[in-house]
Amino acid sequence: MRCYVFPGQGIQRKGMGRSLFGRFPDLRSRADDLLGYSIEELCLENPERRLSDTAYAQPAIYVVNALHWSAAQEDLPPADFFAGHSLGEYSALFAAGAFDFEGGLMLVRRRAELMSQVGGGAMAAVVGVCEQIVEETLKQHGATGVVIANYNAPEQIVLSGSHEDLARMKPVFEGTEGVRGFIPVRVSGPFHSPAMAPAAERFRSLLASVDLGELRTPVISNVTARPFGPDAREVRDLLAEQIAKPVRWSDCIRYLRDAGVSVFTELGESKVLTSLIDRIATAQEPVPDPRRDLIERIRREILQPEIGDEALGFDEDASFRQLGLNSIIYVRLARRAATVLGIPVKPDVIFQHRSCAALADHLLTRDDIAPATASAPAPAPVIAPAAAPEAPPAPLRAHQDERVTALLHDCADGTLSVDRTIEAIRALA
């Protein structure tokens, strides 16, 4: 399954969207009509450095995201999910059919205006430590005016608060063990914090008059880290709450991975979300534990066929005597162990090491080495791994990038043409 993700505020830069304004002139013209100024000039020339102003940055990012979505519809296969980071959530909802281009741009423009009116604050990212350490550090130093605004990745936590409080906490965090950086975020206020509550309430009043369409594709909410439901009122409430509540990006990605998403494609010129997703995915991958894996194989592949499902819940340190096994069963277990693990196992070994854990420890430390030759030492016994699935045909297995692999599969089954596949892979590069 695949998910397209849209970046939010902070990725704005002079020149963004340069390759797409000429490709989709209709969207450019419609944006100009609604905003009352040239969106192309804003993005390509950045007059008076307006992209640093929230009131201009948010509409610009929404429009450029929409251009990239238009290109993706022509160049890439359909998505199973959408997600967007903070402001990017509006791009995800637009892609899913919650509102049309103008409807989304109107909401984003008003949201930006309301948020830009809240001054006296800023944001900064703490890189290198987990949320628990960040929370404990804030508590220990009485930083009650600073809150976590974005859970971006396991070791990237964004803070929101007053300029004074953030300035006071900067040297504290920089002196905290494990912290690799305290980095200001390119925004103009304390977003996703209680300070934004007045803006959130005013935005809620605006949302009450907006019609929302049924989502054609699930979109993950920043507030709940779960898909938006079908109730339009709930969608409006969550969009209003998002302004003053933290962005749970790590939880959003974990939910999507658990739902079966293996391919994430960031639409846009930024790779910020791609980097965050890679960090979240890496943190989720368990550290290999050969002993634990072997204990589970003994339960599933050696014990269960002989004694039934009772083996699956059998304590790893409990003696096989509790199962009332006779000598014939021990012989069968030894034969099955030899077949499953690929090394000879005698019945008396099963009898002597009569628990899953003890048997695993014995097998992992065995030294039944074949006679050595004069030219090379004898190899140590190897426990055969579980059968691997059949490898895909070349050239699919030659690519480690899951996004490239997914595109090649889509090309192989006819979903994408060869030309479109090449263009899409070049875009990824």
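Whatever comes next refers back to the structure up there.
The notes below deal with the structure included here. Because the structure is predicted, anything quoted here is derived from the model rather than measured.

What counts and how
- Residues numbered from 1 in each chain as written.
- Predicted model: local features only at pLDDT ≥ 70, side-chain atom pairs only at ≥ 80, totals over all residues.
- Heavy atoms only, no water.
- Helix = DSSP H or I, 4+ residues; strand = E, 2+ residues; numbered from the N terminus.
- Contact = heavy atoms within 4.5 Å.
- Areas by Shrake-Rupley, 256 points an atom, 1.4 Å probe, with all protein chains shown as cover.
- Pairing = 2+ DSSP bridges.
- Axes fitted to C-alpha atoms, helices over the stretch in contact; angles between N-to-C directions.
- 1 Å grid on protein atoms, 1.4 Å probe; cavity = no way out; pocket = protein on both sides within 12 Å on 5 of 7 lines; lining within 4 Å.
- Points joined across faces, edges and corners; volume = space filled by probe spheres on them.
- Nonpolar A, V, L, I, M, F, W, Y, C, P; charged D, E, K, R; others polar.
- Salt bridge = Lys/Arg side-chain N within 4 Å of Asp/Glu carboxyl O.
- Buried < 20%, exposed > 50% of the residue type's maximum accessible area, 1.4 Å probe, protein only.
- Polar contact = N/O pair within 3.5 Å; in protein donor to acceptor, adjacent residues only side chain to side chain.
- Phe/Tyr/Trp six-rings, centres within 6.5 Å; stacked < 30°, edge-to-face > 60°.
- Lys NZ or Arg CZ within 6 Å of the ring centre and 35° of its normal.
- Parallel < 35°, antiparallel > 145°, perpendicular 65-115°, else oblique.
- Left-handed = near helix turned anticlockwise from the far one by under 90°.
- Core = buried A, V, L, I, M, F, W, Y, C linked by side-chain atoms within 4.5 Å.
- Arc of directions from axis to C-beta.

Thoughts on the overall build of the chain
Then, number 1: In terms of helices and strands, the chain carries 17 helices and eight strands.
Then, number 2: The long-range fraction of contacts in the chain, counting pairs at least 24 apart against all pairs at least 6 apart in sequence, stands at 73%.
Then, number 3: For the chain, the computed accessible surface area is about 20800 Å², with 51% contributed by carbon and sulfur atoms.

Concerning the sheet that holds strand β7 (residues 219-220)
Then, number 1: The four strands lie next to each other as β7-β2-β1-β8, forming an open sheet whose pairing is parallel. Each edge of the sheet is formed by a strand with only one pairing partner; in this case those strands are β7 and β8 (263-266).
Then, number 2: Strand direction decides the pairing type here: strand β2 (residues 81-84) and β7, joined by two bridges, are parallel. Residue pairing for β7: Phe82 is matched across the bridge by Val219.
Then, number 3: With respect to the sheet, helix α4 (residues 88-96) is in contact with β1 (2-6), β2 and β7, its orientation differing from that of β2 by roughly 155°.
Then, number 4: This element, helix α10 (residues 249-258), spans β1, β2, β7 and β8 of the sheet and lies at about 170° to β2.

As for the layout of surface pockets
Leftover empty space is mapped by rolling, across the atoms, a probe with the size of a water molecule.
Then, number 1: There is about 550 Å³ of room inside the largest pocket.
Then, number 2: Around the largest pocket sit 30 residues that line it, and Gln9, Gly10, Asn152, Val185 and Val272 are the ones nearest its centre.
Then, number 3: Breaking the lining of the largest pocket down by element, the ones donating at least two residues are α5 (101-116), β3 (121-127), β4 (146-153), β5 (156-162), β6 (181-184) and α11 (272-284).
Then, number 4: Residues that form the lining of the largest pocket fall into these classes: 16 nonpolar, 11 polar and three charged.

A closer look at the pattern of salt bridges
Then, number 1: For the structure shown, the criterion picks out 22 salt bridges.
Then, number 2: Between Asp75 and Arg23 there is a salt bridge whose closest N-O contact spans 3.3 Å. With Asp75 in helix α3 (residues 54-75) and Arg23 in the loop between β1 and α1 (25-35), the pair connects residues that are 52 residues apart, well separated along the chain.
Then, number 3: On the basis of relative accessibility, which here comes to 12%, the residue Asp75 falls in the buried class.

Digging into the side chain of Glu316
Then, number 1: Here Glu316 lies in the loop between α12 (290-307) and α13 (327-341).
Then, number 2: One polar contact links Glu316 to Arg292, side chain to side chain, over a distance of 2.6 Å.
Then, number 3: Residues contacting Glu316, with those up to four places away along its chain left out, are Arg291, Arg292, Ile295, Arg299, Ser355, Cys356 and Ala357.

Here we look at the packing of aromatic side chains
Then, number 1: Under the defined criterion, the tally for this structure stands at 12 aromatic pairs.
Then, number 2: For the pair Phe94 and Phe101, a centre-to-centre distance of 6.1 Å together with 65° between the ring planes defines the contact as edge-to-face.
Then, number 3: Overall, the relative accessible area of 14% leaves Phe94 in the buried class.
Then, number 4: Ring pairs connect the aromatic residues Tyr4, Phe6, Trp69 and Phe82, which therefore count as one cluster.
Then, number 5: Sitting above the plane of the Phe351 ring, Arg354 keeps its charged end 4.3 Å from the centroid.

Remarks on the packing of helix α6 (residues 131-140) against helix α7 (residues 163-174)
Then, number 1: Close contact between α6 and α7 brings their axes to 11 Å; oriented N to C, the two are set at 125°. Regarding the angle of α6 to α7, the classification is oblique. In the crossing of α6 with α7, the sense of the turn from one axis to the other is right-handed. Residue-level inspection shows Val134, Thr137 and Leu138 of α6 in contact with α7, the latter providing Met169, Val172 and Phe173.
Then, number 2: Here the contact of α6 with α7 is built from residues that sort into five nonpolar, one polar and no charged.

Structural notes on the nonpolar core
The tendency in soluble globular proteins is for nonpolar side chains to be buried side by side.
Then, number 1: Ranked by size, the top nonpolar core spans 67 residues in total, and within it Ile39, Tyr62, Trp69, Phe82, Tyr90, Phe99 and Phe101 carry the most contacts.
Then, number 2: In terms of residue count, the dominant contributor to this core is α3 (10 residues).
Then, number 3: Core analysis: the second largest hydrophobic core is formed by 27 residues, Ile298, Ala334, Val340 and Ile350 among them.

Notes on α1
Then, number 1: For α1, every residue scored as buried is listed here: Leu27, Ala31 and Leu35. The arc enclosing the buried residues of α1, seen along the axis, measures out at 55°, which places them on a common side.
Then, number 2: Gly36 sits one or two positions beyond α1 and adopts a positive phi of about 85°.

Section: the pairing of β3
Then, number 1: Where burial is concerned, most of β3 is hidden: seven out of the seven residues are buried.
Then, number 2: Residues Gly121, Met123, Ala125 and Val127 line one face of β3 and the alternating positions Ala122, Ala124 and Val126 line the opposite face, and both faces are buried.
Then, number 3: Here β3 pairs with β5 via seven bridges, running antiparallel. What sits directly across from Met123, in β5, is Ser160.
Then, number 4: Note that β3 and β6 share four bridges and pair antiparallel. Across the sheet, Val127 pairs through a bridge with Gly181, a residue of β6.

A closer look at unusual backbone geometry
Then, number 1: Despite not being glycine, Glu48 has its phi angle at roughly 55°, a positive value.
Then, number 2: Take Glu48: it is sitting in the loop between α2 (39-45) and α3.
Then, number 3: With relative accessibility at 69%, the residue Glu48 sits in the exposed group.
Then, number 4: Despite not being glycine, Ala225 shows a phi value in the positive range, around 60°.
Then, number 5: If you trace the backbone, Ala225 turns up in the loop between β7 and α9 (232-242).
Then, number 6: Accessibility expressed as a relative area gives 0% for Ala225, which makes it buried.

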